[in-house]
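A look at the structure
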Amino acid sequence: MMELFFKPKSVAVIGASKNPKKDGNIIVNNIINSDFRGEIYPVNPAADEVLGKKAYASLDDIPGEVDLVVIIIPAQMCVQAMEDCARKGVKAVIIESMGFTETGAAGKKIQDRIEAIASKAGIRVMGPNCTGIVSRDIATTFFPIKDVPRGNVVMIGQSGLLAAGMASDIVVNQSLDIHKICSIGNKCDVNENDLLEYFGNDEQTKVIAMYLESIADGGNFVKIARKVTPKKPVILLNGGRSEAGAMAAMSHTGSIASNARIVDAAIRQTGCIRADDFTELKDFAKVFSTQPLPSGNGVAVVTAAGSVGVVVSDLCAEHGLALPRFGAQTIDALKGLFPDFMPPSNPVDLWFAIEKLGMTRALEAALGAPLRDPAVDAAIVLLAGFEYTMNAVEEKVVQRIAKECGKPVIICTLVGYNRLRNRIVEELGRDLPVFTSLISGVKALSKLCEYGIRRHRFGDR
Amino acid sequence: MVEFRPTEIHGLPGFRRRFIRTFSGIPYIDVLSHADNPAMPDSGSENFKIADPPCIENEPMPLNEIVARARRENRTVLTEIESKQILAQAGIDCTETRLARTRAEAVSVSAAFGYPVVLKISSKDITHKSDAGGVKVNLKDAAEVEAAYDGITQSALQRFPRAQIEGISVQPMARPGIEIIMGMTRDRNFGPVLMFGLGGVLVEVLQDVAFGIVPLERSDAAEMIDEIRGKKLLDGYRGQDSVDRSRLENMLLKLSAFVDANPEIAEIDMNPVFARSDGATVVDARIILRELSEAESARPVQS
């Protein structure tokens, strides 16, 4: 059933428009610009054609079957449109119009009628008040988008920011290897549980990241998420945490049980990963989608500044990561890089090696050996935005070593000239997670290690 | 000022008779019908009359009968004794607790349990019993029990003049352990959730607790116990025996299954639970029933 949303053979857009400024035009254009090769039916009684596609006065006039209908007309007209869909035998509808439950009692009444028609006719409805789907196969959003990658990350959200702003950011900047973005709006029917189950079983999906302001059916969410998290990471940003509980409690238990604490319990119990803001949602998705899963929490730190090593060590300790001592073999391999008065240790202070060998060769020597150390499960590499770094960036040294060793590596870049730091963020950022603060890098890596250890322990890797 | 009111209860055959015989001497202020009456007894204790023979309606009743009785009496808060009876039926170890409505009853119940005993105020209107001077522990003989009985009733009626007092609950001193709280509340989205944490009087200050969504699996229970900051206390802090965590897990799992099967119950506090190396015992408990909808309250309760 959910397949009709993501891989329809034909799609009709009710409210399609000839005016390029209108949402109903952009939606049709986005579908044309995607890889969708089925029939596109613009529905608009006042137009003959939209963007070169023959337009129909109503759904009834469309000759063939319609798998998916996208609706973008005023809310009060949506009830009629839903009745048309029911008559036509449509089974999947995305309502992108606004003016429903989110606006108050009158809007709720309309949404209730839509729900009633849908449940009677067996129609699955995404939305209303949403932007639907962004993917290479089909894009139904009213925010212009094209060239969506065929990646491995799925984002699900009750948010225009996620579906429009973040989607463009991710696609244009190639900052995340996105597979699909689903905006589910008021979720009158299709909710996070439907999508979690669907993408849990979808082979292309490696990571699921969600932004939810409410969890519609918490009991079911726990059941489904429990099945999905042993297979793939589920990252959750939960908005509305500060809201007070609805119930006036007569027990200690009831008075302590806040919405946030209960959602946290659900996150722990299901093995989801909690993100605390949109940047983290993206950061964590990046780490999980690009890096192999570690089986422990031992981290090697490679930096040209001692102070950074000290602070990273503190942050690691705070976030459950350890900086193990290197084995004898690793120490031997590193010896030549250090002056006699400074024996090699973790964090690895790269400065002397850079002066002696240049950045590329220093990294080859100082990152490879620690990463191969059996006590080390992952590495954090500090790169500064100065000229001496850029050869190594161009030659993709870090990527190569990380790949050879098969262990996760993240980059942090804190100082340097903006133009060079931006190059590090952009160029390295396509392959590896790059962070502009230590704490964000350490936190993301700690989530990866925590999940990796859990997966490893349950032996279902 | 004090209203002596013959109390009525519709219960099992024979129950009514016993109830009236033992309850009719109890003074209480009817807070519902005289809500704005500033009535206050001069002193509570001398108004408690000695009834003979001792009350015997402490016999355990099945859950549905306890619930039906509460519904008939229009209350959602169950007494400590009712709560413990229900939890005991769910397989959860509770200290045996009986209600005494007179000084003499308190003494005879205490003697039957064996000293030392604990006396507590039993009132649905008093949540924080110890705040009201409503708990006296480690009472070693009849004289101490009598003194405690008087002290508790007196201070409770002074501090909470409008409280409706059922009597005084008597229970044997439980063997001490680490004080734990376990509880349940129902969330709009997630349904029943359990709480585990460090219990006792400071629970709301410290809030060192963890939650779990029902139904719990054993690993969930273990993780809840492991999540609290003070978990070192469970592992034998300063020469104390370490607590048997598997017994606590068992208790959480029983609670999980119980609340899952009983939607009438809205909230539960088991506080404290004494956790020891050889088990865990619920020392005090409170169960809250769900509020009935208007349509449901209009319907007569079936027994």
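Residues numbered from 1 in each chain as written. Chains lettered and ligands numbered in written order. Predicted model: local features only at pLDDT ≥ 70, side-chain atom pairs only at ≥ 80, totals over all residues. Heavy atoms only, no water.

**A word on the overall build of chain B**
Along chain B, the regular secondary structure elements total nine helices and 10 strands. Within chain B, the fraction of its 303 residues that count as buried is 52%. As displayed, chain B offers around 13,700 Å² of accessible surface, 51% of which is attributable to carbon and sulfur atoms. (Helix = DSSP H or I, 4+ residues; strand = E, 2+ residues; numbered from the N terminus. Buried < 20%, exposed > 50% of the residue type's maximum accessible area, 1.4 Å probe, protein only. Areas by Shrake-Rupley, 256 points an atom, 1.4 Å probe, with all protein chains shown as cover.)

**Digging into the packing of helix α3 (residues 78-88) of chain A against helix α4 (residues 105-121) of chain A**
All names here are of chain A. Orientation of α3 relative to α4, taken along the N-to-C sense of each, is 5 degrees, at an axis distance of 9 Å. Regarding the angle of α3 to α4, the classification is roughly parallel. Taken together, the residues of α4 that come into contact with α3 (itself represented by C78, V79, M82, E83 and A86) are I110, R113, I114, I117, A118 and A121. (Axes fitted to C-alpha atoms, helices over the stretch in contact; angles between N-to-C directions. Parallel < 35°, antiparallel > 145°, perpendicular 65-115°, else oblique. Contact = heavy atoms within 4.5 Å.)

**Some words on unusual backbone geometry**
Geometrically, the link from N346 of chain A to P347 of chain A is a cis peptide bond, its omega value of 0 degrees lying close to zero. Relative to the helices and strands, P347 of chain A is located in the loop between α12 (328-335) and β15 (348-349). At the junction of V214 of chain B and P215 of chain B, the peptide bond is cis and its omega measures out at 5 degrees in the coordinates. Of note in the backbone geometry, N129 of chain A takes a positive phi value of approximately 60 degrees without being a glycine. The residue N129 of chain A is located in the loop between β7 (124-126) and β8 (132-135) in this model. With phi around 50 degrees, Q174 of chain A is a residue other than glycine that occupies positive phi space. Relative to the helices and strands, Q174 of chain A resides in the loop between α5 (160-172) and β10 (178-183). Classification of Q174 of chain A by relative accessible area gives partly exposed; the value is 47%.

**Some details on the layout of surface pockets**
Taken as a whole, the largest pocket spans an internal volume of roughly 1,200 Å³. In this structure, the largest pocket is lined by 38 residues; those nearest its centre are I267, R268, C272, E450 and R454 of chain A. Those elements that provide at least two residues to the lining of the largest pocket are α9 (259-270), β13 (273-275) and α18 (438-458) of chain A together with β7 (209-213) and α7 (218-227) of chain B. Element by element, the count of residues in the lining of the largest pocket is highest for α18 of chain A, at 10 residues. (1 Å grid on protein atoms, 1.4 Å probe; cavity = no way out; pocket = protein on both sides within 12 Å on 5 of 7 lines; lining within 4 Å. Points joined across faces, edges and corners; volume = space filled by probe spheres on them.)

**Side note on the sheet that holds strand β17 (residues 409-412) of chain A**
The strands that make up a sheet pair up through hydrogen bonds in the backbone, lying either parallel or antiparallel. All names here are of chain A. On the basis of which strands lie adjacent, the open sheet formed by five strands has the order β15-β14-β16-β17-β18 and parallel pairing. Two strands in the sheet have a free side with no partner beyond their single neighbour: β15 and β18 (434-435). Judged from the four bridges that link them, strand β14 (residues 299-303) and strand β16 (residues 378-382) form a sheet pairing that is parallel. For V299, the partnering residue across the bridge sits in β16 and is A378. (Pairing = 2+ DSSP bridges.)

**Focus on the interface of chain A and chain B**
Contacts between chain A and chain B engage 27 residues on the former and 35 residues on the latter. Carbon and sulfur atoms make up 56% of the surface buried where chain A meets chain B, a total of about 2,600 Å² over both sides. Among the residues chain A hides against chain B, the three largest losses belong to M250, H252 and R268 of chain A. Together they make up 27% of the total. At the junction of chain A with chain B, the criterion picks out four salt bridges. Two residues, R268 of chain A and E227 of chain B, come together in a salt bridge whose shortest N-O distance is 2.3 Å. Here chain A is connected to chain B by 14 residue pairs in polar contact (both at pLDDT 80 or more). Taken together, the elements giving at least two residues each to the side of chain A that touches chain B come down to α7 (218-228), α8 (252-256) and α9 of chain A. It is α9 of chain A that provides the largest number of residues to the side of chain A that touches chain B, a total of seven residues. Looking at side-chain class alone, the side of chain A that touches chain B contains 15 nonpolar, eight polar and four charged residues. (Buried area = accessible area lost by both parts, 1.4 Å probe. Salt bridge = Lys/Arg side-chain N within 4 Å of Asp/Glu carboxyl O. Polar contact = N/O pair within 3.5 Å; in protein donor to acceptor, adjacent residues only side chain to side chain. Nonpolar A, V, L, I, M, F, W, Y, C, P; charged D, E, K, R; others polar.)

**Considering the side chain of R69 of chain B**
All names here are of chain B. One can find R69 in helix α2 (residues 63-72). Judged by relative accessible area, which is 10%, R69 ranks as buried. Among the polar contacts listed, one links the side chain of R69 to the side chain of E82, at a separation of 2.7 Å.

**Things to note about helix α10 (residues 278-290) of chain A**
Residues and elements named next belong to chain A. Helix length check: α10 (13 residues) gives 18 Å between terminal C-alpha atoms against 18 Å at 1.5 Å per residue, within 8%. Buried within α10 we find E280, L281, D283, F284, A285, K286, V287, F288 and S289. For α10, the side-chain oxygen to backbone nitrogen distance between the N-cap and T279 is 2.9 Å, and the N-cap itself is D277. (Expected span 1.5 Å × (residues − 1).)

**Brief notes about the sheet that holds strand β12 (residues 234-238) of chain A**
Residue and element names in this part refer to chain A. Ordered in space as β8-β10-β9-β11-β12-β13, the six strands form an open sheet in which the pairing is mixed. Each of the sheet's edge strands pairs with one partner strand only, and the pair in question is β8 and β13. Each strand axis lies, on average, 15 degrees off the axis of its neighbour in the sheet, ignoring direction.

**Here we look at the packing of α2 of chain B against helix α3 (residues 80-89) of chain B**
All names here are of chain B. Contact pair α2 / α3: the axes reach a minimum separation of 10 Å and the direction vectors enclose 155 degrees. Between α2 and α3, the angle is such that the two are roughly antiparallel. α3 is crossed by α2, and the crossing has left-handed handedness. Taken together, the residues of α3 that come into contact with α2 (itself represented by L63, I66 and R69) are E82, Q85, I86 and Q89. When its residues are assigned to classes, the contact of α2 with α3 shows three nonpolar, two polar and two charged. (Left-handed = near helix turned anticlockwise from the far one by under 90°.)

**Observations regarding the packing of aromatic side chains**
Residues and elements named next belong to chain A. Summed over the entire model, instances satisfying the criterion amount to 10 aromatic pairs over all chains. Centroid distance Y211 to F278: 4.9 Å. Interplanar angle 50 degrees. Geometry classified as tilted. Residue Y211 is located in strand β11 (residues 207-212), and its partner F278 is located in helix α10; the two are separated by 67 residues in the primary sequence. In this structure Y211 comes out as buried when scored by relative accessible area, which is 10%. (Phe/Tyr/Trp six-rings, centres within 6.5 Å; stacked < 30°, edge-to-face > 60°.)

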